[in-house]
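Results of the structural survey
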Amino acid sequence: MRKQIVAGNWKMNKSLEEGLGLYKAISSQTEASSKEVIVAAPFTHLSSLVALAKGGSVKIAAQNCHHELSGAYTGEVSAAMLSDLGVTYVILGHSERRAYANESNALLSKKVDAALAQNLKVIYCCGETLEERQSKGHFDLITQQITEGLFHLDASVLKNIVLAYEPVWAIGTGQTASSAQAQEMHAHIRKVVATKYGKASADTTCILYGGSCNPTNAKELFSQNDVDGGLIGGASLNAANFTSICKA
Ligand code: PGA
């Protein structure tokens, strides 16, 4: 059976004090969770969260990293720095970074390498805009995002990659993909992974859904065959909502 994962993406929200409080509430309420629970926090919170998370079950993630190990990159944070802190995961390729920071699949493939080389696990995001879906280009686009970002990797490191399908039109809009739309794309993604790495590898790859996932729709989304949990934005900022999704 595949691992089930629920990851909260706090984005650029919460003061340090608020974040630590939220983390404590989440970790105490998800101790018995059968799913792996992850919190992706702003860089400034990671050190304190890692210290708090020691010995607990909730894993800490960063929301980005640079593709170089070190150097003259003012304002950037390297995978080595995250690894040094004790961070477990890094989210790469979130649609907000693709859109606002112009991150391309080619750049993301370098970031993936940098992260894996520092023993970080990667949550690699893909997703189409509404226009891309309406013009029926969404399957090809997702194939391309995955192929160009990940398919240079050796099969042996695939276990350190979690995929997240996040339709851009569903992120922060309250307009969730239907469970059928999610399942259809997740099955497509798994097929693409199987074509490259074989069915056994594809069958053990975790594919999360993200985009307006909430306590009301999580159960149905997570019950789809190829949906192995969620990447949660807005609803992860509230302990009760997030833990309810973790229990879905
Ligand atoms: P949302 O965000 O749950 O607020 O739609 C999801 C994400 O961006 O990861």
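In the block above lies the structure referred to throughout.
Below is a summary of the structure that appears in this document. Residue indices follow the written sequence of each chain, beginning from 1 at its first position. Local features in this predicted model are restricted to residues of pLDDT 70 or higher, and side-chain atom pairs are both shown and tallied only at a pLDDT of 80 or more, whereas totals for entire chains, interfaces and linings draw on every residue. Remark: hydrogens and water are excluded; side-chain values derive from all non-hydrogen atoms of the structure.

**Digging into the overall build of the chain**
Looking only at helices and strands, the chain has 11 helices and 8 strands in total. Only the C-alpha atoms count toward the radius of gyration. The rule for a globule is 2.2 Å times the residue count to the power 0.38. Taken over C-alpha atoms, the radius of gyration comes to 17 Å for the chain, in line with the 18 Å a tight globule of 248 residues would show. Dimensions of the chain, computed from the C-alpha atoms along their principal axes, are close to 45 × 45 × 35 Å. Only heavy atoms enter the contact rule, under which two residues are in contact if any of them lie within 4.5 Å. For the chain, restricting intrachain contacts to residue pairs at least 6 apart in sequence, the fraction spanning at least 24 positions comes to 71%. Neither His nor the chain ends contribute to the count of charged residues, in which Lys and Arg are positive and Asp and Glu negative. Just so you know, the charge point we use is NZ for Lys, CZ for Arg, CG for Asp and CD for Glu. Treating the 22 positive side-chain charges of the chain as one cloud and the 22 negative ones as another, the clouds have centres 5 Å apart. Labels follow the DSSP assignment, with helices taken as runs of H or I lasting at least four residues and strands as runs of E lasting at least two, numbered in each case from the N terminus.

**Let's talk about the packing of aromatic side chains**
When two rings of Phe, Tyr or Trp (its six-membered ring) have centres within 6.5 Å they constitute a pair, described as stacked for plane angles under 30 degrees, edge-to-face for angles over 60, and tilted for the intermediate range. In the structure shown here, the tally under the stated rule is 2 aromatic pairs. Centroid distance phenylalanine 151 to tyrosine 197: 5.4 Å. Interplanar angle 90 degrees. Geometry classified as edge-to-face. Of this pair, phenylalanine 151 sits in the loop between helix 7 (138–150) and strand 6 (161–165) while tyrosine 197 sits in helix 8 (residues 179–197), and the two are 46 residues apart along the sequence. The ring of tyrosine 197 carries the charged tip of lysine 196 above its face, separated from the ring centre by 5.7 Å. The criterion is that NZ of a Lys, or CZ of an Arg, lies within 6 Å of the ring centre and within 35 degrees of the ring normal, and then a charge sits over that ring.

**Some details on the packing of helix 5 (residues 105–117) against helix 7**
Packed helices, taken two at a time, are described by the angle their axes make and the gap between the axes. A fitted line through C-alpha atoms represents every axis, and for helices the fit uses only the stretch in contact; the resulting angles, taken between N-to-C directions, go from 0 to 180 degrees. Closest axis-to-axis distance for the helix 5/helix 7 pair is 7 Å, and the angle between their directions is 45 degrees. Judged by the inter-axis angle, helix 5 sits oblique to helix 7. For helix 5 against helix 7, the interelement crossing comes out right-handed. Taking contact as the criterion, the partners of Asn105, Ser109 and Val112 in helix 5 are, on helix 7, Gln144, Gln145, Glu148, Gly149 and Leu150. Geometric relationships in this document are graded by angle, where less than 35 degrees denotes roughly parallel, more than 145 denotes roughly antiparallel, 65 to 115 denotes roughly perpendicular, and other angles denote oblique. Definitions for this section: a left-handed crossing has its near helix turned counterclockwise from the far helix by less than a right angle. A right-handed crossing has that turn clockwise.

**What about helix 2 (residues 43–53)?**
The buried label goes to any residue with under 20% of its type's maximum accessible area, the exposed label to any with over 50%, and the partly exposed label to all in between, with areas taken from a 1.4 Å probe on protein chains only. Turning to helix 2, its buried residues number three or more, namely His45, Leu46, Leu49, Val50 and Ala53. Looking straight down helix 2, one finds that the buried residues subtend no more than 135 degrees of arc, so they occupy a single side. In the core, the buried residues of helix 2 are packed alongside helix 1 (16–29), strand 3 (59–62) and helix 3 (79–85). The first or second residue beyond helix 2 is glycine 55, which carries a positive phi of 85 degrees. Working note: the arc is built from the helix axis to C-beta atom directions.

**A word on helix 11 (residues 239–246)**
Among the residues making up helix 11, those that are buried are Ala239, Phe242, Thr243, Ile245 and Cys246. Along the axis of helix 11, the buried positions cluster into a sector of 155 degrees, meaning they face one direction only. Among the structural elements, strand 1 (5–9), helix 1, strand 2 (36–40), helix 10 (218–222) and strand 8 (229–232) are those in contact with the buried residues of helix 11. Two N or O atoms form a polar contact when they lie within 3.5 Å of each other; inside protein one atom must be a possible hydrogen donor and the other a possible acceptor, and for residues adjacent in sequence the pair counts only when both atoms belong to side chains. Of the residues flanking the start of helix 11, the one acting as N-cap is asparagine 238, its side-chain oxygen 3.0 Å from the backbone nitrogen of alanine 240.

**Concerning the site of the ligand**
Surveying the vicinity of the ligand reveals 13 residues, the closest of which are Lys11, His94, Glu166, Gly172 and Ser212. Between an oxygen atom of the ligand and a main-chain N or O atom of glycine 172, the distance comes to 2.7 Å. Here an oxygen atom of the ligand and a backbone polar atom of serine 212 are 2.7 Å apart. Of the residues belonging to the shell around the ligand, the class tally is 4 nonpolar, 7 polar and 2 charged. By convention in these notes, a residue is near a molecule or strand provided one of its non-hydrogen atoms lies within 4 Å of it. Residue polarity is assigned by list, with Asp, Glu, Lys and Arg as charged and Ala, Val, Leu, Ile, Met, Phe, Trp, Tyr, Cys and Pro as nonpolar; anything else, Gly included, falls into the polar class.

**Considerations on unusual backbone geometry**
Of note, the phi angle at lysine 14 is positive, near 80 degrees, even though the residue is not glycine. Of note in the backbone geometry, asparagine 119 takes a positive phi value of approximately 60 degrees without being a glycine. Looking at the secondary structure, you find asparagine 119 in the loop between helix 5 and strand 5 (121–126).

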